Amino acid sequence: MQSEILLKINPVEAVLVTSDDEHQSEYVAAYDRRREYISGFSGSKGDAIITQERAVLWTDGRYHLQADDELNCDWLLMREGEKNIPTISEWLKKHLKPFSRVGADARLVPAYHWQLLEDELKEVNISLVEFKENPIDLIWKEHEKVKIDKSIFVLDIQYAGVSWIDKVAQVKQIIQDEGADAMVVTALDEIAWLLNIRGRDIPHNPFVSSYVILGDRAIYMYVEKSKLTPNVTEHLNINASSANAVFVYEYDKIWTELPTLAQNWKRIVLPTQCVFTKGVSQKVFSLIPEKKRLSMESPIIYLKAKKNQVEIENMKIAHIRDAAAMCMFFSYFEKKVESGHKWTEIEMSEELNHFRFEQINSLGNSFATTVGYGSNGAKPHYEPTFSTNVEIGDDSTIVIDSGGQYYEGTTDITRTVHLGKPRPEQINAYTRVLMGLIQFSTLTFPSDMGASLADIMARAPLWDAGLDYYHGTSHGIGSFLGVHESPIGIHYAHLSSDSKLEPGYFFSVEPGYYSESYFGIRLENILEVVNKPWLKHMSGQNFLGFVDVTLVPFEPKLINRTLLSSYHIRWLNDYNSKIREHVGKELKKQGEVEAFYWMMKRTEHIPGSAKGTSYQISTIIGGLILQILVIIL
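Keep in mind that what you see is a predicted model, and the values were worked out from it rather than measured.

What is the right way to look at the overall build of the protein chain in this model?
When its secondary structure is counted, the protein chain shows 20 helices and 28 strands. In terms of its C-alpha atoms, the protein chain occupies a principal-axis envelope of roughly 75 × 60 × 55 Å. When the 633 residues of the protein chain are sorted by exposure, 58% land in the buried category. Long-range contacts, defined as pairs at least 24 residues apart, comprise 73% of the intrachain contacts of the protein chain with a sequence gap of at least 6. A total accessible area of about 26,800 Å² is found for the protein chain, and carbon and sulfur atoms account for 51% of it. Charge-centre separation for the protein chain: the mean point of 65 positive side chains lies 2 Å from the mean point of 82 negative side chains.

Structure below.
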């Protein structure tokens, strides 16, 4: 670190380097990987503090091994999630003297995070100050060379379902009802949805690096003009005299234009944190006078989450196509195993990516494909790297988590397979995880129920055996947008800040079990929320339920049928029939004979009914808890 450069910018005792870009995106472009540049650590999550004497990095359990391998001896690793690990503010309060200053780039820190850290540091008279220039940018000599300059493209109405003009009108009406006359939109998925445009600026996400300001009389967009095509210019009526025109300025002009435009408005909506959405940056927040700020969750989050009928049908098409790719991959994978080929985790990931990318209207992955074998699969968010990559054997489970981006929609699926003879504890865990997925998927519930109450249904079969998992059970998913979409994030610990499920929402259900240093199990399907109009609650509200959108076979050798009730078996047979009908048709259409027969073998009818009572007990317990919580809350 060239501390002398820092001191010329602003005399500080410590520098905060975050993983964020200006839009607080989940994934960031190579140009915005400043923390990676200064530390050498390439994981997607992690923040660093640098002082004259120390360099410290915080990251979670997904990346402890990777950070150990990538950080040199000048760095101290703070393993988040382990005992006695201080937070960033705790560490700063311990190691800095009163009246010290911590510098940060306010564009790269969410406003809520900045304010929380600022308040905590004030307790010991330490100040959090904004850099006028990012110190990493000053010393990163090859910075501009990694910048991406790819064109924006229009998402046709056959995929979007609603025109951008109608979407803007909806949002403007909502902010007007809230007493505001403008809104600053910084989240890239919201801009992509709002204007029916897509781009290639962000890995795995079809987003355009840009800002949008919705004024009472005009729409302003800040983007690199070199990315505009004639088609996009016509689509957005750019700089036209029309009432429905978008006025476009260069990307960096936002910082000088926003304070000037703000003078025209009395109240301006500044989006706040909501589940996966981090809200505006501290820089945007600070440019709006306090009396004009209206901090609230972005209304676009809820409009975007509720898919229209065109999006709903397209999401189903995308998932059938994606299921075909999965079947093709598994068929090929197992054939190669039978021929004696030795796979590694990374090779499996790359091969699956290849099958998915060959599908019609595929634009690649919705996140980095993860394959975890044995003890690696016991890490819920494990990502194989060259330092952790292992050969696939036949004595443990393989957890495969992947997803795709298609013009029709975004997919996310996890399956767990086994190449040999599974051990009883692996079969027991897999079966209970599958039971939880089934019980969640078949739930009927009143429309005013908090979403996280449903978590009990997914966990009950595991709880019956004293098992559990620590991650959430569900996340929302976009329509050719982000794989993690607000406002849905389901975990029973989040009941106090819970959202309601609505028809048209798509989200995951992904129970799991992880035996540390031994094996992992996770199963993930995407569900659609639907109305059940033939049912009416005593209070008059509607009942809702789910439809399975993911259609990929489960691993038969890992299922203990004696634990299943007749209800479970009936669900599995119905699910397998849907796979045969829809995915089988797609495989035939693509002429994939071997994959078709692989799928048919994996979806054979399960005869009879089991005598076990685990399902009934779990359902009764889960149902009773659910009813009690509904009454209490």
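Further notes follow.
Whenever I open this one, the pairing of strand β20 (residues 413-418) confuses me. Can you help?
Put simply, side chains in a regular strand alternate between the two faces of the sheet. For β20, a buried count of six out of six residues is recorded, marking the element as mostly surrounded by other parts of the structure. One ladder, built from six bridges, connects strand β17 (residues 397-402) with β20; its direction is antiparallel. Looking across to β20, one finds that V399 is bridged to T416.

How should I be thinking about the sheet that holds strand β5 (residues 101-104) in this particular structure?
Pairing between the strands of a sheet comes from backbone hydrogen bonds, and it takes one of two forms, parallel or antiparallel. Read across the open sheet, the six strands follow the order β4-β3-β2-β1-β5-β6; overall the sheet is mixed. The open sheet has two edge strands, β4 (75-79) and β6 (127-130), and neither has a second partner. The sheet shows a mean angle of 25° between the axes of neighbouring strands, taken without regard to direction. Bridging between strand β3 (residues 55-59) and β4 involves five bridges; their strand directions are parallel. Within the sheet, the bridge partner assigned to T59 lies in β4 and is R79. With respect to the sheet, helix α4 (residues 88-95) is in contact with β1 (14-17), β2 (47-51), β3, β4 and β5, its orientation differing from that of β2 by roughly 10°. The sheet strands contacting helix α5 (residues 111-122) are β1, β2, β5 and β6, and the helix crosses β6 at an angle near 140°.

Sorry, what's going on with the pairing of strand β25 (residues 512-515) here?
Residues of β25 alternate between two faces, with G512 and Y514 on one and Y513 and S515 on the opposite face, all of them buried. Counted along the chain from β25 to the antiparallel partner strand β26 (residues 519-522), the turn is three residues long, and its residue S517 has a positive phi close to 60°.

Got a minute to help me understand the domain arrangement of the protein chain in this structure?
Many authors give the size of an interface as the accessible area that is lost as the parts come together. With domains assigned, the protein chain is organised as domain 1 (1-139), domain 2 (153-305) and domain 3 (309-603). Between the C-alpha centres of domain 1 and domain 3 there is a distance of 35 Å. Between domain 1 and domain 3, the residue contacts involve seven residues of the former and 10 residues of the latter. Summed over both sides, the interface of domain 1 with domain 3 buries roughly 680 Å², with 54% coming from carbon and sulfur. Here domain 1 and domain 3 share zero salt bridges between them. In this assembly, domain 1 and domain 3 are joined by two residue pairs in polar contact (both at pLDDT 80 or more). Of the residues in the side of domain 1 that touches domain 3, the class split is three nonpolar, one polar and three charged.

Got a minute to help me understand the environment of Q439 in this structure?
You can see Q439 is positioned in helix α16 (residues 424-441). Here Q439 falls in the buried class, since its relative accessible area comes to 2%. Separated by 17 residues in sequence, Q439 and I456 have C-alpha atoms that sit 9.5 Å apart.

How do you make sense of the environment of P380 when you look at a structure like this?
Turning to its location among the elements, P380 is positioned in the loop between β16 (370-373) and β17. We classify P380 as partly exposed; its relative accessible area is 29%. In contact with P380, not counting residues within four places along its chain, are H471, Y514 and R522.

Cut-offs applied
Residues numbered from 1 in each chain as written. Predicted model: local features only at pLDDT ≥ 70, side-chain atom pairs only at ≥ 80, totals over all residues. Heavy atoms only, no water. Helix = DSSP H or I, 4+ residues; strand = E, 2+ residues; numbered from the N terminus. Buried < 20%, exposed > 50% of the residue type's maximum accessible area, 1.4 Å probe, protein only. Contact = heavy atoms within 4.5 Å. Areas by Shrake-Rupley, 256 points an atom, 1.4 Å probe, with all protein chains shown as cover. Lys, Arg positive; Asp, Glu negative; His and termini not counted. Charge placed at Lys NZ, Arg CZ, Asp CG, Glu CD. Pairing = 2+ DSSP bridges. Axes fitted to C-alpha atoms, helices over the stretch in contact; angles between N-to-C directions. Domains from an automatic or database assignment. Buried area = accessible area lost by both parts, 1.4 Å probe. Salt bridge = Lys/Arg side-chain N within 4 Å of Asp/Glu carboxyl O. Polar contact = N/O pair within 3.5 Å; in protein donor to acceptor, adjacent residues only side chain to side chain. Nonpolar A, V, L, I, M, F, W, Y, C, P; charged D, E, K, R; others polar.

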